[in-house]
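For reference, the chains in residue letters:
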Amino acid sequence: AELTYLLSHTTRYEQALEVLAGTGDDRQIAHTLSDFARVATRRGEWKAARMRFATALQLARGLGAQREAAYSLEGVAELSAGQGDSAAATRILGAAQGLREAIGSPPTAVELVEQAILLNRLRDTLGREAYERLLAAGRLLAFDSALDQAMVWLDADPAGQGVGAGRPGVEN
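Scope of this entry: the structure provided in the associated data block. (Residues numbered from 1 in each chain as written. Predicted model: local features only at pLDDT ≥ 70, side-chain atom pairs only at ≥ 80, totals over all residues. Heavy atoms only, no water.)

1. What about helix 6 (residues 109-126)?
Here's step 1: The terminal C-alpha atoms of helix 6 lie 25 Å apart, and with 18 residues this matches the ideal 26 Å at 1.5 Å per residue to within 8%.
Here's step 2: Turning to helix 6, its buried residues number three or more, namely Glu111, Gln115, Leu118, Leu119 and Leu122. Along the axis of helix 6, the buried positions cluster into a sector of 105°, meaning they face one direction only. Across from the buried face of helix 6, at angles greater than 90 degrees, the exposed residues are Ala109, Val110, Val113, Ile117 and Asp124.
Here's step 3: Tucked inside the fold, the buried residues of helix 6 contact helix 4 (66-82), helix 5 (86-103) and helix 7 (128-139).
Here's step 4: Trailing helix 6 by a residue or two, Gly127 shows a phi angle of about 90°, which is positive. (Helix = DSSP H or I, 4+ residues; strand = E, 2+ residues; numbered from the N terminus. Expected span 1.5 Å × (residues − 1). Buried < 20%, exposed > 50% of the residue type's maximum accessible area, 1.4 Å probe, protein only. Arc of directions from axis to C-beta. Contact = heavy atoms within 4.5 Å.)

2. Thoughts on helix 5
Within an α-helix, residues lying three or four positions from one another point in the same direction, as the helix has 3.6 residues per turn.
Here's step 1: Compared with the 26 Å implied by 1.5 Å per residue over 18 residues, the 26 Å span of helix 5 between its first and last C-alpha is a close match.
Here's step 2: With 13 of 18 residues buried, helix 5 lies mostly within the body of the structure.
Here's step 3: Remark: Gly104 follows helix 5 within two positions and exhibits a positive phi of approximately 70°.

Here's what the structure looks like:
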């Protein structure tokens, strides 16, 4: 049922991005790209998810849009967990938490539930000590450092798709 839902919304996200491109609202474009990247993540479309998250993070960085960056980081954490990199997922999710705290922008109730499920899975996979250490290290990252680490992960290519798979305009 979820896959059918996600498939039906792909066209809507594409249409929304077309409309937004004409508005110049880069904050909303970054947020919509992150949502669209989450759809790709949940469909197992790793390359598309990486490219969309990378673009969203670049827009957020350029705008200094910390709320949009935190939202994108949460999505990158979900993607990295989905690709089996629990350590990166925990550190990146910690960075998103720290950023949200710093700007006073807590996750929504739905986002909290999704994060709790992911955090429990990460803790179970890594063990409590490693999980707590990585989460704390992520929470200490400054805005630019958090984005740098996420971008490095997006470029790292754990899915074997060619170096730079997460960056628009980089040949694979």
